[in-house]
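Structure assessment
Here are the chains, one letter per residue:
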Amino acid sequence: MSIVTVQLGQCGNQIGFEVFDALLSDSHSSQGLCCKRENEAYQASCKERFFSEEENGVPIARAVLVDMEPKVINQTLSKAAQSGRWKYGQHACFCQKQGSGNNWAYGYSVHGPRHEESIMDLIRKEVEKCDSFSGFFIIMSMAGGTGSGIGAFVTQNLQDQYSNSLKMNQIIWPYGTGEVIVQNYNSILTLSHLYRSSDALLVHENDAVHKICAKLMNIKQISFSDINQVLAHQLGSVFQPTYSAESSFHYRRNPLGIDWHVRPPLSGLPSLGKMSLNKDLHFNTSIANLVILRGKDVQSADVEGFKDPALYTSWLEPVNAFNVWKTQRAFSKYEKSAVLVSNSQFLVKPLDMIVGKAWNMFASNRSLAVAQARVKWRDLGLLQHLAIWFKRFSCLSLLSS
């Protein structure tokens, strides 16, 4: 089954390139930990998911590139073509000459409606190329204007037009110290709209990835390219083929995996109105954990610790909340690797910080330009509830080793 990737804004397009490059590099690397037949099945599954192929044999990414400025898209197309291993489709991009100026509302309320038909037409054509379509993988930032504003608008349109297909948004959580002055506004407005239209959010925190580069990789002068490559590695290790617990003979056809919708029991939960927003929450309580193991000794790996009931909310049994995927086929240059995709309270603290900073700025009447484009500030209240309970989508964080 195939995924159509939608890359939005500077951040989304730069990360998208690194993801496709990492996927293809991994699928074509020689691996001595599995048999030739299994490696060929792995390569075929990867290609079906993320690439189509032209007559000359060059894989073409199943992707649509969107930005309101041409510079980054032109660089992305050029880098892919120069690699000689893969490229983007000739008519798979949309760009203009005027950016969004870090203004979420301009991206959502101006650029989005103005270019809706052209963008959705590109996406429709890409979907029609898939023999077996699985869903959308949408890569975007929360801090800027194009990725966040148009990203929220496009996701909403995908929900309207492809309601039965999974829509997973990979979002970049901004640095706590700030990239742009209105990043907290942009983040809240993005999340409040994705809350209604996305099926799952796959979250990477810039601060956490920066620490990986500094402390684990010992990079002295950390660039966005370094950060993007770490992100691509983590995403690739999630989306590349694996076996599920149900089948040890065939790679999973659905790359987006399990049913990410969270359905709490109808009884036994306190209502939001009766809950204290200041109540201390149990550290990192989860409602779903997925462990992905690749490479040497995966069959003997001990994952019993993830079945501890203390890790999960009281109304879920670990058997219903924990999954493990395995393959002896190693990822990239690593002999063995493990990734944890966790739907937990890991993001409650950074979410509270963003809401608090945005509210303080709003209360002091600073940087209100975004409000002129019909922004509904009741979304601030919505995010306070989102920080406590999950409604219809899963919010996932990634840890890997």
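Residues numbered from 1 in each chain as written. Predicted model: local features only at pLDDT ≥ 70, side-chain atom pairs only at ≥ 80, totals over all residues. Heavy atoms only, no water.

Here the focus is the sheet that holds strand E2 (residues 51–53). Here we have 3 strands laid out as an open sheet, ordered E2-E3-E5, and mixed in their pairing. A single partner strand is all that each edge strand has here, and the edge strands are E2 and strand E5 (87–88). Along the sheet face, helix H2 (residues 36–50) touches E2 and strand E3 (59–61) and points at about 95 degrees away from the line of E2. (Pairing = 2+ DSSP bridges. Helix = DSSP H or I, 4+ residues; strand = E, 2+ residues; numbered from the N terminus. Contact = heavy atoms within 4.5 Å. Axes fitted to C-alpha atoms, helices over the stretch in contact; angles between N-to-C directions.)

Here we take up the packing of aromatic side chains. Applying the stated criterion across every chain, the model contains 14 aromatic pairs. Residues Phe133 and Phe136 carry aromatic rings whose centres are separated by 5.0 Å and whose planes lie at 65 degrees to one another, so their mutual orientation is edge-to-face. Taken together, the ring pairs connect Phe17, Phe20, Phe51, Trp86 and Tyr88 into an aromatic cluster. (Phe/Tyr/Trp six-rings, centres within 6.5 Å; stacked < 30°, edge-to-face > 60°.)

Attention shifts here to helix H5 (residues 146–161). The terminal C-alpha atoms of H5 lie 21 Å apart, and with 16 residues this matches the ideal 22 Å at 1.5 Å per residue to within 8%. Across the 16 residues of H5, 13 count as buried, placing the element largely inside the fold. (Expected span 1.5 Å × (residues − 1). Buried < 20%, exposed > 50% of the residue type's maximum accessible area, 1.4 Å probe, protein only.)

With that settled, consider the nonpolar core. In terms of nonpolar packing, the biggest core is built from 38 residues, with Phe20, Phe50, Trp86, Tyr88, Phe137 and Phe239 touching the most fellow members. For this core, the leading source of residues is helix H8 (residues 224–239), giving 7 residues. In contact with Phe20, other than residues within four places in its own chain, are Thr5, Gln7, Phe50, Phe51, Ala61, Arg62, Ala63, Trp86 and Tyr88. Of all hydrophobic cores here, the second largest spans 37 residues; its members include Tyr185, Leu191, Leu194 and Leu351. (Core = buried A, V, L, I, M, F, W, Y, C linked by side-chain atoms within 4.5 Å.)

What follows is about the environment of Phe51. With respect to the helices and strands, the residue Phe51 is situated in strand E2. As for Phe51 and Leu23, which are separated by 28 residues in sequence, their C-alpha atoms are 9.9 Å apart. In this view, Phe51 contacts Phe20, Leu24, Cys46, Pro59, Ile60, Ala61, Arg62 and Trp86; residues no more than four positions away in its chain are not counted.

So, on to the pairing of strand E1 (residues 2–8). Of all 7 residues making up E1, 7 are buried, and the element is well covered by its neighbours. Of the two faces of E1, the one holding Ser2, Val4, Val6 and Leu8 and the one holding Ile3, Thr5 and Gln7 are both buried throughout. One ladder, built from 6 bridges, connects E1 with strand E7 (residues 133–141); its direction is parallel. Residue pairing for E7: Val6 is matched across the bridge by Ile138. Judged from the 4 bridges that link them, E1 and strand E4 (residues 63–67) form a sheet pairing that is parallel. Across the sheet, Val6 pairs through a bridge with Val64, a residue of E4.

Moving on: the packing of helix H1 (residues 9–27) against helix H3 (residues 70–83). Working note: a packed helix pair is described by the angle between its axes plus the distance between those axes. One can describe the packing of H1 onto H3 by two numbers: an axis separation of 9 Å at closest approach and a directional angle of 5 degrees. Judged on the interaxial angle alone, H3 and H1 are roughly parallel. Judged by residue contacts, Gln10, Asn13, Gln14, Phe17 and Glu18 of H1 engage Val72, Ile73, Thr76, Lys79 and Ala80 from H3. When the residues that make up the contact of H1 with H3 are grouped by side-chain class, the tally is 4 nonpolar, 4 polar and 2 charged. (Parallel < 35°, antiparallel > 145°, perpendicular 65-115°, else oblique. Nonpolar A, V, L, I, M, F, W, Y, C, P; charged D, E, K, R; others polar.)

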